[in-house]
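One-letter residues, chain by chain:
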Amino acid sequence: MSEILVLVEHVDGDVKKVTLELLTLARSLGEPSAVWAGPGYSDAAKAKLTEYGADKIYVAGSADLADYVVAPKAELLASLVGSASPAAVLVAATAEGKEIAGRLAIKTDSGVITDAVGLVEGFVADQSIFGGGVNVHSRVTKGTPIVAVRPNSTAPVASAGAGAEETVDVELSDLAKTAHVVERVKQEKGARPELTEAAIVVSGGRGVGSGDNFALIEKLADSLGAAVGASRAATDAGWYPHQFQVGQTGKTVSPQLYVAVGISGAIQHRAGMQTSKTIVVVNKDAEAPLFEIADFGVVGDLFQVVPQLTEEIAKRK
Amino acid sequence: MNIVVCVKQVPDTATERKLRSDDKTLDRDAVDGVINELDEYAVEEALRLKEAHGGEVTVLTMGPAKAADTIRKALAMGADKAVHLVDDALAGSDALSTSYALAQALGRVGFDVVVLGSESTDARTGVLAAMLAERLGVPQLSQARKVEVNGSAVTIERVTDYGYDRVEASLPAVVSVVEKINEPRYPSFKGIMAAKKKPVETLGAADLEADAGQLGLAGAWSEVVDFAVAPPRAAGTVVKDEGDGGAKAAEFLASKKFI
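Residues numbered from 1 in each chain as written. Chains lettered and ligands numbered in written order. Predicted model: local features only at pLDDT ≥ 70, side-chain atom pairs only at ≥ 80, totals over all residues. Heavy atoms only, no water.

*Asks:* If you had to explain the overall build of chain B to someone new, which residues and values would you point to?
*Replies:* On a plain count of helices and strands, chain B comes out with 7 helices and 13 strands. Principal axes of the C-alpha set define a box for chain B whose edges measure 65 × 45 × 40 Å. Considering only contacts in chain B between residues 6 or more positions apart, those separated by 24 or more positions represent 73%. Here chain B displays about 11,000 Å² of accessible surface, and carbon together with sulfur accounts for 50% of that area. Taken as two groups, the 30 positive and 40 negative side-chain charges of chain B have centres that lie 4 Å from each other. (Helix = DSSP H or I, 4+ residues; strand = E, 2+ residues; numbered from the N terminus. Contact = heavy atoms within 4.5 Å. Areas by Shrake-Rupley, 256 points an atom, 1.4 Å probe, with all protein chains shown as cover. Lys, Arg positive; Asp, Glu negative; His and termini not counted. Charge placed at Lys NZ, Arg CZ, Asp CG, Glu CD.)

*Asks:* Account for the environment of L5 of chain A, with residues named and values stated.
*Replies:* All names here are of chain A. Relative to the elements of secondary structure, L5 occurs in strand β1 (residues 3-7). Residues L5 and L175 lie 170 residues apart in sequence; the distance between their C-alpha atoms is 24 Å. Excluding residues that lie within four positions of it along the chain, L5 makes contacts with S33, V35, Y58, L77, L80, V81, P86, A88, V89 and L90.

*Asks:* Could you give an account of unusual backbone geometry, naming the residues involved and the relevant values?
*Replies:* The phi angle of most residues is negative, glycine excepted, and most peptide bonds adopt the trans form. Residue and element names in this part refer to chain B. The omega angle of the peptide bond from L171 to P172 is 0 degrees, so this bond is cis rather than trans. With respect to the helices and strands, P172 occurs in the loop between β9 (163-170) and β10 (173-177). With phi around 55 degrees, R124 is a residue other than glycine that occupies positive phi space. Assignment of secondary structure puts R124 in the loop between β6 (113-117) and α4 (128-136). You can call R124 buried: its relative accessible area is 12%. With phi around 60 degrees, Q143 is a residue other than glycine that occupies positive phi space. Checked against the element boundaries, Q143 lands in strand β7 (residues 140-150). Judged by relative accessible area, which is 11%, Q143 ranks as buried. (Buried < 20%, exposed > 50% of the residue type's maximum accessible area, 1.4 Å probe, protein only.)

*Asks:* Go over the pattern of salt bridges with me, naming the residues and quoting the values.
*Replies:* Counted under the stated rule, the structure contains 44 salt bridges over all chains. Note that R192 of chain A is salt-bridged to E218 of chain A, the shortest N-O span being 3.6 Å. Within this pair, whereas R192 of chain A is found in the loop between β13 (180-186) and β14 (200-204), its partner E218 of chain A is found in helix α6 (residues 214-224), the two being separated by 26 residues in sequence. We classify R192 of chain A as buried; its relative accessible area is 19%. Between R316 of chain A and E312 of chain A there is a salt bridge, with the nearest N and O atoms lying 3.9 Å from each other. With R316 of chain A and E312 of chain A both in helix α9 (residues 302-316), this residue pair falls 4 residues apart, about one helical turn. Each of R232 and D236 of chain A together with E37, E179 and K180 of chain B takes part in salt bridges that share partners, so that together they form one network. (Salt bridge = Lys/Arg side-chain N within 4 Å of Asp/Glu carboxyl O.)

*Asks:* Summarise the packing of α9 of chain A against helix α7 (residues 245-255) of chain B; cite the residues concerned and give the values.
*Replies:* Closest axis-to-axis distance for the α9 of chain A/α7 of chain B pair is 7 Å, and the angle between their directions is 45 degrees. In terms of their interaxial angle, α9 of chain A and α7 of chain B are classed as oblique. The handedness of the crossing between α9 of chain A and α7 of chain B comes out as right-handed. Along the contact surface, α9 of chain A presents V305, Q308, L309, E312, I313 and R316 of chain A, while α7 of chain B presents G245, G246, A247, A249, A250, E251, L253 and A254 of chain B. (Axes fitted to C-alpha atoms, helices over the stretch in contact; angles between N-to-C directions. Parallel < 35°, antiparallel > 145°, perpendicular 65-115°, else oblique. Left-handed = near helix turned anticlockwise from the far one by under 90°.)

*Asks:* Describe the packing of aromatic side chains, with residues and values.
*Replies:* Within this structure, the stated rule accounts for 4 aromatic pairs over all chains. Taken together, a centroid distance of 4.6 Å and an interplanar angle of 20 degrees make the contact between F214 of chain A and Y240 of chain A stacked. Residue F214 of chain A is found in helix α6, and its partner Y240 of chain A is found in the loop between α7 (232-236) and β16 (257-261); the two are separated by 26 residues along the sequence. Judged by its relative accessible area of 1%, F214 of chain A falls in the buried class. When its relative accessible area of 10% is taken as the criterion, Y240 of chain A is described as buried. Joined through ring pairs, the aromatic side chains of F214, Y240 and F244 of chain A make up one cluster. Lying across the ring of W221 of chain B, K142 of chain A places its NZ or CZ 4.0 Å from the centre. Over the aromatic face of Y164 of chain B sits the side chain of R145 of chain B, whose NZ or CZ is 4.0 Å from the ring centroid. (Phe/Tyr/Trp six-rings, centres within 6.5 Å; stacked < 30°, edge-to-face > 60°. Lys NZ or Arg CZ within 6 Å of the ring centre and 35° of its normal.)

*Asks:* Could you give me a rundown of α9 of chain A, with the residues and numbers involved?
*Replies:* Under the 1.5 Å per step criterion, the end-to-end length of α9 of chain A is 21 Å for 15 residues, consistent within 8% with the ideal 21 Å. Those residues of α9 of chain A not exposed but buried are L302, V305, V306, L309, T310, E312 and I313 of chain A. What you see down the axis of α9 of chain A is that its buried residues fit within an arc of 165 degrees, all on one side. Opposite the buried face of α9 of chain A, by more than 90 degrees, sit the exposed residues Q304, E311 and K315 of chain A. Check the buried side of α9 of chain A and you find it contacts α6, β16, β17 (278-283) and β18 (296-299) of chain A together with α7 of chain B. Sitting at the head of α9 of chain A, D301 of chain A places a side-chain oxygen 2.9 Å from the backbone nitrogen of F303 of chain A. (Expected span 1.5 Å × (residues − 1). Arc of directions from axis to C-beta. Polar contact = N/O pair within 3.5 Å; in protein donor to acceptor, adjacent residues only side chain to side chain.)

*Asks:* Could you give an account of the sheet that holds β18 of chain A, naming the residues involved and the relevant values?
*Replies:* Reading across the sheet, the 6 strands line up as β15(A)-β14(A)-β16(A)-β17(A)-β18(A)-β13(B) and stay open at both edges, with parallel pairing between neighbours. At either margin of the open sheet sits one strand with a lone partner, and together these are β15 (227-230) of chain A together with β13 (237-240) of chain B. With direction set aside, neighbouring strand axes in the sheet form an average angle of 15 degrees. (Pairing = 2+ DSSP bridges.)

*Asks:* An account of a nonpolar patch on the surface is needed here, citing residue identities and associated values.
*Replies:* All names here are of chain B. A cluster of nonpolar residues, F189, I192 and M193, forms a patch on the protein surface that exposes about 310 Å² of accessible area. Mapping I192 onto the fold places it in helix α5 (residues 189-195). Overall, I192 belongs to the partly exposed group, its relative accessible area being 38%. (Patch = residues over 30% accessible without salt bridge, like charges linked within 9 Å, V, L, I, M, F, W, Y side chains within 5 Å.)

*Asks:* Mind laying out the interface of chain A and chain B, listing which residues take part and the relevant values?
*Replies:* Taken together, the contacts link 85 residues of chain A with 78 residues of chain B. Between chain A and chain B, the buried area comes to about 6,900 Å², and carbon and sulfur atoms account for 55% of it. Scanning the region where chain A abuts chain B turns up 11 salt bridges. Its salt-bridge partner being D236 of chain A, residue K180 of chain B comes within 3.1 Å of it at the nearest N-O pair. Our enumeration of links across chain A and chain B arrives at 50 residue pairs in polar contact (both at pLDDT 80 or more). In terms of residue count, the dominant contributor to the side of chain A that touches chain B is helix α5 (residues 95-107) of chain A (9 residues). Class assignment for the residues of the side of chain A that touches chain B results in 32 nonpolar, 32 polar and 21 charged. The pairing of β18 of chain A with β13 of chain B spans 4 bridges and is parallel. Its bridge partner being in β13 of chain B, G297 of chain A is matched across the sheet by V238 of chain B. (Buried area = accessible area lost by both parts, 1.4 Å probe. Nonpolar A, V, L, I, M, F, W, Y, C, P; charged D, E, K, R; others polar.)

Written as structure tokens, this is what we have:
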């Protein structure tokens, strides 16, 4: 079995769920080595990565890896590709993960595949393109396969690895330190999970009617432990912040369950959620295109249906 | 300031998009081409930089002959001139090849700042700004929701999962923009007429002084093994709310073990 590098996504020292998914996926293809970039590594992080199968953990703790945009992480990975000759490199298909993958591809003269929703032997990736209309198998033909895998593509399953730690001192070039992060501004999102990572997403659209009415969407989301999303119509109207927009020009999500409330389902929206495993739709218009891809739909007034659904969920807890 | 804005002609997302059976690349002939939506924000931001700091806006695109329509759109919005990379040898390029060709062209055109949309609606790789910064050896200021230039210093607000990062760098730099950074202007009639007279330079692969082995489908670093039209999702259950719609939805969620 050969080594597969998995770039760890972490926030405030906590390993994100997508990394556990990537380790699980990497175990089916080789021996996963986790790569930790930046400050925040701890015994708890080590325990988590080991629990999910990391045989090795490369730890590069320099603050420079986080304090400059993308380039330092690509240099770190390129250096590890050079020294460890892995069979592949997996990163999360987040905006930043894809950018790291892109720079790494150039540095290592390797091909890159973005937004894989599956990966099998031979590093053949599944991709869902054109708003979910076409399924593609693709693979890298030059260099080390670099694959950005969409969150929620694999269910994380624990299976302990050796967890051998190796400290990495990477000498960053001046070129890697040209875009300096001088401030991190955290916008409150409450206790809800992150939109692209969440196992369940509840989104509201035009039918919600106002910003105040989004409280209904939030209550339903909270009853399910879900993230809140919004259609472009809702964000354009200023009812919900733009960073929660799901769709072609916003976030792409692929959760276990996607609940769409008052969203008709234009192709631009479907492009951001069509790979969701289960889709539930609530809309008063029986002709709404999103019903075509719904596993369960309710034609009705969301102001009646959603509170009832929220209440029923609370009762069943 | 020498501002270059990269734009891409993409299939209208409202039309059915297909891969061609022979070379497994996007069938660009079969669909109407439009300017990539996020690139309109890039053009707008480029124009605002020019309006604030002076200089010139050059549109750069790579694409087939019909991508000239997209160039005209950007010129009609107010860009000054354009460079069109068009060559059969470039067809089928993946992101690595595309970034290589564009970087070679940017080396020839020269720039203080390159502006582009953060991703295209067709390939949606979202890697091009990062790749261009890597190839050109300049700062990567991507996913910007705000851009400020002050002399040779440039600051952006880079969108992150938790909010945004304030990022500082010096020009020259590559900037990619997200939706909502601005409100793209509509071309005026005067702008549309003026666009017809603005210079468009056409470059072929040979003009790029590039390694031909890294361009086009043959030079790509990845391949489509096979593809299929996605089977329709199995028909679900749709019920009409008779006062119990929420309860029925809850039953469904329980049957799937979500609650």
